[in-house]
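Examining the three-dimensional arrangement
This is what each chain is made of:
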Amino acid sequence: MKLAILIKTYNEAHNIERCLNAVFEAVSGIPGGVEVIVADSLSTDATVALAQEYPVKIVQLTLPADRGCGAGVQLGYQHTRAQFVYFLDGDMELQRDFLLQALALIENDPTLGGIAGVLRDRHINNWFDRYRLKNKPSARAGDVEWLAGGGLYRRAALDEAGGYAGNRNLKAYEEAELGLRLGSRGWRMLRLDTVAVYHSGHAESTSALVLRQWRSRRMDAGGVLLRSSLGQPWCGRVLRMCLHPLAVLAFWALLLGSVLLAPDWRVALACLGGGALAALALCIKKRSIKDAALSILLWHVSAAGLMRGFVTARLQPPCERIPSQVLSENTGGNAGSL
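Here's what I pulled together on the structure shown here. (Residues numbered from 1 in each chain as written. Predicted model: local features only at pLDDT ≥ 70, side-chain atom pairs only at ≥ 80, totals over all residues. Heavy atoms only, no water.)

Further remarks concern the overall build of the protein. Counting its regular elements, the protein contains 13 helices and 10 strands. For the protein, the C-alpha radius of gyration of 21 Å lies close to 20 Å, the compact-globule estimate for 338 residues. In terms of principal-axis extent, the alpha carbons of the protein reach across some 75 × 40 × 40 Å. Burial analysis of the protein (338 residues in total) assigns 48% to the buried set. Pairs at least 24 residues apart make up 80% of the contacts formed inside the protein by residues separated by at least 6 positions. Of the roughly 15,900 Å² of accessible surface on the protein, 58% is carried by carbon and sulfur atoms. Side chains of the protein give 37 positive and 30 negative charges; the mean places of these two sets differ by 7 Å. (Helix = DSSP H or I, 4+ residues; strand = E, 2+ residues; numbered from the N terminus. Rg over C-alpha atoms; globule rule 2.2 N^0.38 Å. Buried < 20%, exposed > 50% of the residue type's maximum accessible area, 1.4 Å probe, protein only. Contact = heavy atoms within 4.5 Å. Areas by Shrake-Rupley, 256 points an atom, 1.4 Å probe, with all protein chains shown as cover. Lys, Arg positive; Asp, Glu negative; His and termini not counted. Charge placed at Lys NZ, Arg CZ, Asp CG, Glu CD.)

In structure tokens form, the structure reads like this:
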């Protein structure tokens with residue numbers, strides 16, 4: 001099999017039909033064999049029932065405790081042997097022009113481990129969507145450290161870089177961890193200046209999204225990533241990724257230490273003054289008191305999550321097969337010929 005499109009889903013009933021229609025349009029006529037796999041994390045809505053109307057293979061987690069972005073990616077990956085794999089979320093619409101261009105490039109450049117394009121949001125509903133629109137982390141063309149927003153990968157590269165696609169321990173940062181592993185083995189990752197996927201975006205407000213991510217422990221992912229990177233060549237890079245929450249933890253540790261241990265209150269006042277100057281500098285940089293305040297608040301939440309994740313995470317071997325079941329193999333032959 002040449003290509004597998006791996007779609008991770010969790011309660012995507014309102015998006016899955018649009019996603020699958022776009023996928024089958026994108027892969028039509030691609031030679032060499034194409035399979036489409038829906039990797040479901042025990043959805044409680046009609047996601048699976050709707051997907052069963054399409055010629056796809058549907059696999060599903062067995063244990064709710066295994067839910068997570070890294071596990072969702074790995075769930076699909078462990079059910080295919082395709083030469084190239086495309087990781088897609090159930091709220092994305094894959095674009096044919098990009099896919100054809102990416103396949104041609106990766107097949108003809110043996111140094112490429114992965115290739116992605118631009119992620120374009122259809123709706124902007126919260127701070128995270130606005131940040132992505134403003135800073136365009138998924139739109140910078142050229143060689144990159146990792147691919148955000150899905151992408152096409154060479155299976156040989158993934159097998160060489162640990163033998164797994166998504167670290168099952170990570171509820172976020174799974175793409176960054178994969179990119180760092182690939183880079184440590186000498187593989188390049190490339191982003192094209194072409195729209196690869198349209199993304200439905202989040203319907204939730206900023207506060208609702210943050211609360212959900214805290215409750216689901218997705219906010220712990222920075223600490224889990226840091227802990228799993230200890231002793232690895234990319235540990236320093238992960239520390240830089242976690243700079244803001246680590247700086248928040250260092251600030252509060254220094255402030256509390258000065259209050260409890262130092263006989264001179266001027267030390268504590270100096271800490272508070274330094275924090276105020278840093279906040280002022282952030283306001284000037286962002287040209288918005290509201291955006292600066294929200295950034296600082298999110299750094300504090302991320303700091304709490306990082307500490308919780310680092311201390312409490314029970315890491316499982318990422319190469320260990322995730323318990324799953326095959327719900328449907330209604331592949332209808334080669335998807336690329338549809």
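Right, picking up where we left off after that structure.
Moving on, we come to the packing of helix α12 (residues 265-286) against helix α13 (residues 289-312). Contact geometry for α12 and α13: axes closest at 8 Å, N-to-C directions at 125°. Here α12 lies oblique to α13, going by the angle between them. α12 and α13 meet at a crossing whose hand is right-handed. Contacts from Ala-279, Leu-282, Cys-283 and Lys-286 of α12 reach α13 at Ile-289, Asp-291, Ala-292, Ser-295, Ile-296 and Trp-299. Of the residues contributing to the contact of α12 with α13, the split by class is 7 nonpolar, 1 polar and 2 charged. (Axes fitted to C-alpha atoms, helices over the stretch in contact; angles between N-to-C directions. Parallel < 35°, antiparallel > 145°, perpendicular 65-115°, else oblique. Left-handed = near helix turned anticlockwise from the far one by under 90°. Nonpolar A, V, L, I, M, F, W, Y, C, P; charged D, E, K, R; others polar.)

Another point: the side chain of Gln-213. As for its position among the elements, Gln-213 is in helix α8 (residues 206-215). Relative accessible area serves as the criterion here: at 12%, Gln-213 is assigned to the buried category.

Counting residues in hydrophobic clusters, the biggest one holds 37 residues, and the most contacted among them are Ile-5, Leu-20, Tyr-86 and Leu-88. Sort the elements by how many residues they give to this core and helix α1 (residues 16-27) lands first, with 7 residues. Those residues in contact with Leu-20 that sit more than four places away from it in its chain are Ile-7, Val-36, Val-38, Ala-51, Tyr-54 and Val-56. Ranked by size, the runner-up nonpolar core spans 26 residues in total, among them Ile-37, Leu-42, Leu-178 and Ile-322. (Core = buried A, V, L, I, M, F, W, Y, C linked by side-chain atoms within 4.5 Å.)

On the surface, a cluster of nonpolar side chains totalling about 730 Å² of accessible area is made up of Trp-252, Leu-256, Val-259, Leu-260, Leu-261 and Trp-265. In terms of residues, the nonpolar patch owes the most to one element, helix α11 (residues 243-261), which gives 5 residues. Along the chain, the position of Leu-256 falls in helix α11. (Patch = residues over 30% accessible without salt bridge, like charges linked within 9 Å, V, L, I, M, F, W, Y side chains within 5 Å. Salt bridge = Lys/Arg side-chain N within 4 Å of Asp/Glu carboxyl O.)

Nothing here speaks to function; it is geometry throughout.
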